[in-house]
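# An overview of the molecular structure
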Amino acid sequence: ALAALLFATPLAAEPVAYDFDKSHTNLAFSYNHLGYSTTDGRFGDWEGELLIDLDTPANSKITMTVNVESIDTFWAERDTHLKSADFFGVEEHPTATFTSTSVEKTGENTLAVTGDLTIKGITKPATFDVTVNAQGEHPMAKTPAVGLDATTVVKRTDYGMDMYVPYVGDEVTISFSAEALQAK
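I will try to describe carefully the structure that is included in this document. (Residues numbered from 1 in each chain as written. Predicted model: local features only at pLDDT ≥ 70, side-chain atom pairs only at ≥ 80, totals over all residues. Heavy atoms only, no water.)

### A few points about the side chain of Asp170
With respect to the element layout, Asp170 can be found in strand β11 (residues 168–182). Despite its burial, Asp170 remains without a salt bridge, the nearest opposite charge being carried by Lys155 at 4.4 Å. Within polar-contact distance, the side chain of Asp170 engages the side chain of Thr157 at 2.8 Å. Those residues in contact with Asp170, other than ones at most four positions away along the chain, are Val154, Lys155, Arg156, Thr157 and Val165. (Helix = DSSP H or I, 4+ residues; strand = E, 2+ residues; numbered from the N terminus. Buried < 20%, exposed > 50% of the residue type's maximum accessible area, 1.4 Å probe, protein only. Lys, Arg positive; Asp, Glu negative; His and termini not counted. Salt bridge = Lys/Arg side-chain N within 4 Å of Asp/Glu carboxyl O. Polar contact = N/O pair within 3.5 Å; in protein donor to acceptor, adjacent residues only side chain to side chain. Contact = heavy atoms within 4.5 Å.)

### Notes on the pattern of salt bridges
Counted under the stated rule, the structure contains two salt bridges. Among the salt bridges present, the one from Lys22 reaches Glu47, with a minimum N-O distance of 3.1 Å. A residue pair is termed long-range when its members are at least 10 positions apart, and Lys22 in the loop between β1 (16–20) and β2 (26–33) and Glu47 in strand β4 (residues 46–52) qualify at 25 residues.

### A short note on the pairing of strand β8 (residues 110–119)
Taking burial as the measure, the ten residues of β8 include seven buried ones, the bulk of the element. In this structure, strand β7 (residues 95–105) lies alongside β8, joined through eight bridges in antiparallel fashion. Each bridged residue has a counterpart across the sheet, and for Thr99 the counterpart in β8 is Asp116. Inspection of the sheet shows β8 paired to strand β9 (residues 122–137) by ten bridges, in the antiparallel sense. Its bridge partner being in β9, Leu111 is matched across the sheet by Val130. Taken together, β8 and the strand that follows it, β9, pair antiparallel across an intervening segment of two residues, in which Lys120 is found at a positive phi of about 55°. (Pairing = 2+ DSSP bridges.)

In structure tokens, the structure reads:
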């Protein structure tokens, strides 16, 4: 029986929880304005759960909940309009969420993270292209860490926000740049 235990196939490692370092993490978006410029903004208030399985990335998971009221496009009047029923409708839909459903390794340091993105009460699939910038012991915190950049493009009309289309771009690029440290 002891030999069977010693030579048994090792159990799969469990994914490990990581905490986002919000001082080095940004959830941002950008869109084309009338063909003249790119307008961008960010969401300052969000919570996320990250589970990483370094050996089997497919076992990794991420969930995010965003307080849409925290939108900041660096222009107060625009923020007020984006919070209104014309766009996000924050009174009825105060949060947006993303829950991963699959993680696929696509290259040496790249992943495709697919999941359910819910905005304004409407859920659609979205795939983030993720580049893992660094992983290993954080030089200052002396704990395992990961750094990543993730992007996806969504159509705002898919989420019931069609005001000013096509003049103001339908496609919105969502960017998430993050550092996360292994939870203690």
